[in-house]
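# Breakdown of the fold
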Amino acid sequence: MHLARFDIARFLATAWQKQPLLIRNPWAQWDNPLEPDELAGLACEAGVESRLIVRGGDGLTLEHGPLAEDRFAGLGADPWTLLVQAVDQHAPQVAALIEPFRFVPDWRIDDVMISYATDGAGVGPHYDQYDVFLIQGLGRRRWRVGPRCDAATPRQPHADLALIADFAATDEWVLEPGDILYVPPGFAHDGVALGDDCMTYSIGFRAPSRAELVEGWGAHVADALEDAVDAQADRYADPDLALQDHPGEITVQALDRLHAMALEALADRAAFARWFGQMNTCAKYPDTDWRPEAPADPQDVAQALAQGLPLRRNPAHRLAFMAEGEAQALLFADGQCHAGVARPLAEALCGGADVLLDPALAGAPGTAALVTALIDQGTLAFDDGSEDDDDDDDWAD
Ligand code: SIN
Ligand code: CO
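Residues numbered from 1 in each chain as written. Chains lettered and ligands numbered in written order. Predicted model: local features only at pLDDT ≥ 70, side-chain atom pairs only at ≥ 80, totals over all residues. Heavy atoms only, no water.

### What about the domain arrangement of the protein?
Each assigned domain of the protein is listed here: domain 1 (8-205), domain 2 (210-239 + 247-267) and domain 3 (276-397). Of note, the centres of domain 1 and domain 2, computed from C-alpha atoms alone, are 44 Å apart. (Domains from an automatic or database assignment.)

Structure follows, in structure tokens:
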């Protein structure tokens, strides 16, 4: 499926991170990629994050999955919504839904969440910290959208859900299958199903907060400093100590030196790049284990590559690269950093779910070694069924 009637440049210039946008069925052809009962099945699986929100007389109640298989039969007439996170990791046809949105870089893309709602159901008026494309998959949903909110926006008293109080929308649209609503971070939105069998696919994004960056990078730097051989000796020193006017003062000179000690350690751009690439590519739900029982043999891998055997990427693994000059790259895969990778190889491996290396690339020095390492860490597998598959039938087909 591709976006046949969608002007990416115009969208980025006028809507992305700026304002909500209704995109009326831009697909060449829209086909709902997942059946409602397949979604319900996923919600019953351990290791799949799911929520059930029921609108009863006392308002919305939240239940976390995995759900018992008979839970759905036990739901009465009250409107309910089932939400399942990261369905792209479990169904290749849902993962394919991300492809048209890769005009936003992979490292900013989070997952595809799918909701199923009965007539009148919804998760209530709220805002998210991240951009989202809400694709109407099946049925119809009325969306009320805007205004932009922040931490000061009044909330409804609710133990589990952060719901906006006195929601007064600035726009209202009814979405039909294939329609897409883009909502930037912070904009209020409230979707209510019009009729049963309402499915919405949320292409969700990620953006690290400054606090997360400082916390994560700071902890990483601190760990590295503590592991250094001279860790104990690497501390404030003042062999030039001069007599102070008052012993109670922390002087400007001392503070300058302390501040520099902290900032110098954090300023290492190359180390930051590696840390960020590794952190960003760590799997959120690492349960899809493709690691082979025995390490792959580099010679077998080289032979398979020479035969042109296609490779598949573990759907739970995230990949990204950073260019190092014209010819080389750092390749990040599932939290691991591979240095000195030929840039065309990094680009091919980060291309999509199926990896087909052209013969020159497949036979290039270093390719077999890297592919072997990626097979061993469970990121890649040859698409011939000979490598260790996960137990997810959809992907093992
Ligand atoms: C839904 O699909 O019901 C909710 C999605 C969202 O508001 O982000
Ligand atoms: Co939302």
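### A short note on the site of ligand 1
Around ligand 1, the neighbouring residues are M113, S115, V123, H126, D128, L134, R141, W143, H189, T200 and S202. S115 is positioned with one of its side-chain polar atoms (N or O) 2.7 Å from an oxygen atom of ligand 1. In this structure, R141 approaches ligand 1 through a side-chain N or O atom, which is 3.4 Å from an oxygen atom. Coverage of ligand 1 by the protein chains reaches 95% of its 260 Å² of free accessible surface. Of all the secondary-structure elements, those providing two or more residues to the shell around ligand 1 are β5 (109-117), β6 (132-148) and β9 (187-205). A class-by-class count of the residues in the shell around ligand 1 yields 4 nonpolar, 5 polar and 2 charged. (Near = heavy atom within 4 Å. Polar contact = N/O pair within 3.5 Å; in protein donor to acceptor, adjacent residues only side chain to side chain. Areas by Shrake-Rupley, 256 points an atom, 1.4 Å probe, with all protein chains shown as cover. Helix = DSSP H or I, 4+ residues; strand = E, 2+ residues; numbered from the N terminus. Nonpolar A, V, L, I, M, F, W, Y, C, P; charged D, E, K, R; others polar.)

### So, a nonpolar patch on the surface
Taken together, the side chains of Y236, I250, L255, L258 and M261 make up a nonpolar region of the molecular surface, amounting to roughly 440 Å² of accessible area. As for its placement among the helices and strands, M261 is situated in helix α5 (residues 252-266). (Patch = residues over 30% accessible without salt bridge, like charges linked within 9 Å, V, L, I, M, F, W, Y side chains within 5 Å. Salt bridge = Lys/Arg side-chain N within 4 Å of Asp/Glu carboxyl O.)

### Re the coordination of the cobalt ion (ligand 2)
The protein atoms donating to the cobalt ion (ligand 2) are H126 (NE2), D128 (OD) and H189 (NE2), with metal-donor distances spanning 2.0 to 2.1 Å. In terms of primary sequence, the donors binding the cobalt ion (ligand 2) are separated according to H-x1-D-x60-H. Pair noted here: H126 is in the loop between β5 and β6 and H189 is in strand β9, with a separation of 63 residues, a long-range link. According to the relative accessible area criterion, H126 is buried, its value standing at 13%. (Donors = N, O, S within 2.8 Å, 3.2 Å for Na, K, Ca; no water. Buried < 20%, exposed > 50% of the residue type's maximum accessible area, 1.4 Å probe, protein only.)

### Remarks on the sheet that holds strand β11 (residues 319-324)
Pairing is antiparallel in the open sheet, where 3 strands are placed in the order β11-β12-β13. Each of the sheet's edge strands pairs with one partner strand only, and the pair in question is β11 and β13 (336-342). Taken pair by pair, the neighbouring strands of this sheet meet at an average axis angle of 25 degrees, ignoring direction. Relative to β13, strand β12 (residues 328-333) runs antiparallel, the two being bridged by 5 bridges. Looking at β13, one finds that Q328 is bridged to A342. Contacts from helix α6 (residues 269-280) reach β11, β12 and β13, with the element oriented near 40 degrees to β12. In this fold helix α10 (residues 367-376) packs onto β12 and β13, with an angle of close to 165 degrees to the strand it touches most, β13. (Pairing = 2+ DSSP bridges. Axes fitted to C-alpha atoms, helices over the stretch in contact; angles between N-to-C directions. Contact = heavy atoms within 4.5 Å.)

### A closer look at helix α2 (residues 36-43)
Regarding α2, the residues found buried are P36, L39, A40, L42 and A43. Down the axis of α2, the buried set is contained in an arc of 160 degrees. They therefore lie on one face. Considering only its buried residues, α2 is in contact with β2 (50-56), β4 (80-84), β5, β6 and β9. (Arc of directions from axis to C-beta.)

### Description of the packing of helix α7 (residues 298-306) against α10
It is the contact of α7 with α10, at a shortest axis distance of 9 Å, that shows an interaxial angle of 110 degrees. In terms of axis orientation, α7 runs roughly perpendicular to α10. In this structure, α7 meets α10 at a crossing whose hand is right-handed. Here P298, V301, A302 and L305 of α7 come into contact with α10, specifically with T367, A368, V371, T372 and I375. (Parallel < 35°, antiparallel > 145°, perpendicular 65-115°, else oblique. Left-handed = near helix turned anticlockwise from the far one by under 90°.)

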